[in-house]
Amino acid sequence: MQGILYEEPSIWLFLMVTVLMGGWAAWMTGSACAETWRGLPQTWAYLVLLGCGVRFIHFALFEGTLLSPHYYLVDTVVLLLIGTTAWRAARARQMTTQYWWLYQRTGPLSWAKRPEPLSSRPGSS
């Protein structure tokens, strides 16, 4: 996989910088965008910029190639996957807590319209 997914001599550098550090920032970006009602295209724009930052960390700390379209694309795809998952999880939580009478949670990343709207919160009498 060395040379295809990462250029460093060890996969641990790729996992630490791109997946761990960049993934954490992507998760926080996706969550923040969902919680402030920003759309998915705007979230993707932020994550593309974050990909530039992750590529710079590879360059500045580990002597990676700064202007490499191949490795930038790999880093950005990883960030887009993590950030989009975070956006979807936060939006599902947001829709089912803020509009509890209209929507119910159907999974960690999804919600569905209730068959009949509720008049009081579930679990309260």
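Rules and cut-offs
The residue numbers shown here count from 1 along each chain, following its written sequence. The predicted nature of this model means local features are confined to residues of pLDDT at least 70 and side-chain atom pairs, given and counted, to a pLDDT of 80 or more, with totals for whole chains, interfaces and linings taken over all residues. Heavy atoms from the whole structure form the basis of all side-chain values; hydrogens and water molecules are not counted. Helix numbers and strand numbers start at the N terminus; a helix is a DSSP run of H or I with at least 4 residues, a strand a run of E with at least 2. Buried residues of nine kinds, namely Ala, Val, Leu, Ile, Met, Phe, Trp, Tyr and Cys, make up a nonpolar core once their side-chain atoms join them within 4.5 Å. Only protein chains enter the calculation, and the probe is 1.4 Å; a residue is then buried if its accessible area is under 20% of its type maximum, exposed if over 50%, and partly exposed in between. Here, residues are in contact when the closest pair of their heavy atoms is within 4.5 Å. Every residue is assigned a pLDDT by the predictor, reflecting its confidence on a scale from 0 to 100. Between 30 and 60 degrees the pair is tilted, below 30 it is stacked and above 60 it is edge-to-face, where a pair is any two Phe, Tyr or Trp rings, Trp via its six-membered ring, whose centres lie within 6.5 Å. We score Asp and Glu as negative and Lys and Arg as positive, and we do not count His or the chain ends. Each salt bridge in this description consists of a side-chain nitrogen of Lys or Arg and a carboxyl oxygen of Asp or Glu lying within 4 Å of one another. The patches reported here contain residues having more than 30% relative accessible area and no salt bridge. Joining distances are 9 Å for like charges and 5 Å for nonpolar side chains (Val, Leu, Ile, Met, Phe, Trp, Tyr). The Shrake-Rupley method, run with a 1.4 Å probe sphere, supplies the accessible areas, and residue values consider only the shown protein chains as cover.

Novice: Whenever I open this one, the environment of Pro 9 confuses me. Can you help?
Specialist: With respect to the helices and strands, the residue Pro 9 is situated in the segment before helix H1 (11-35). Along the backbone, Pro 9 and Arg 88 are 79 residues apart, and their C-alpha atoms lie at a distance of 34 Å.

Novice: What exactly am I supposed to notice about the nonpolar core here?
Specialist: Generally speaking, a soluble globular protein has its nonpolar side chains buried in company with each other. Formed by Val 17, Ala 25, Ala 26, Leu 47, Leu 50, Val 54 and Leu 79, the largest nonpolar core amounts to seven residues. Look past the residues within four positions of Leu 50 in its chain and what remains in contact with it is Gly 22, Ala 25, Ala 26, Thr 29 and Leu 79. Counting five residues, the second-largest nonpolar core is a separate cluster that includes Cys 33, Leu 40, Trp 87 and Ala 90.

Novice: Could you clarify how one ought to interpret the confidence of the model for the chain in this entry?
Specialist: Low pLDDT means the predicted coordinates in that region are not meant to be read closely. Per-residue confidence for the chain gives a mean pLDDT of 91, with 93% of residues at or over 70. Between the elements of the chain, mean pLDDT differs from a low of 93, seen in strand E1 (residues 103-107), to a high of 96, seen in helix H3 (residues 69-98).

Novice: I would appreciate a short explanation of the packing of aromatic side chains in the present structure.
Specialist: Between two aromatic rings, the relevant description is the distance of the centres plus the angle of the planes. This model, assessed by the stated rule, comprises four aromatic pairs. Here the aromatic rings of Tyr 99 and Trp 101 are separated by 5.9 Å at their centres, their planes lie at 75 degrees, and the arrangement is edge-to-face. Classification of Tyr 99 as partly exposed rests on a relative accessible area of 27%. A ring pair is formed by Trp 100 and Trp 101, whose centres lie 5.6 Å apart and whose planes are at 85 degrees; its orientation type is edge-to-face.

Novice: Help me understand the side chain of Arg 91, please; the structure alone is not making it clear to me.
Specialist: Within the secondary structure layout, Arg 91 lies in helix H3. Buried within the structure, Arg 91 lacks any salt-bridge partner; its nearest side chain of opposite charge belongs to Glu 35, at an N-O separation of 9.4 Å. Once you skip the residues sitting within four places of it in the chain, Arg 91 turns out to touch Cys 33, Ala 34, Trp 37, Arg 38 and Trp 111.

Novice: Help me understand unusual backbone geometry, please; the structure alone is not making it clear to me.
Specialist: Most peptide bonds take the trans configuration, and most residues that are not glycine carry a negative phi. The backbone phi angle of Trp 37 is positive, close to 60 degrees, even though this residue is not glycine. Take Trp 37: it is sitting in the loop between H1 and helix H2 (40-62). According to the relative accessible area criterion, Trp 37 is partly exposed, its value standing at 41%. A positive phi angle, close to 55 degrees, is found at Glu 63, a residue other than glycine. Secondary-structure assignment places Glu 63 in the loop between H2 and H3. For Glu 63, a relative accessible area of 76% translates into the label exposed.

Novice: Hey, could you run me through a nonpolar patch on the surface in this one?
Specialist: Side chains of Ile 11, Trp 12, Leu 15 and Val 19 sit close together on the surface and give an oily, nonpolar patch of about 370 Å² of accessible area. Within the element layout of this structure, Leu 15 appears in helix H1. Residue classification places Leu 15 among the partly exposed residues on the basis of a relative accessible area of 30%.

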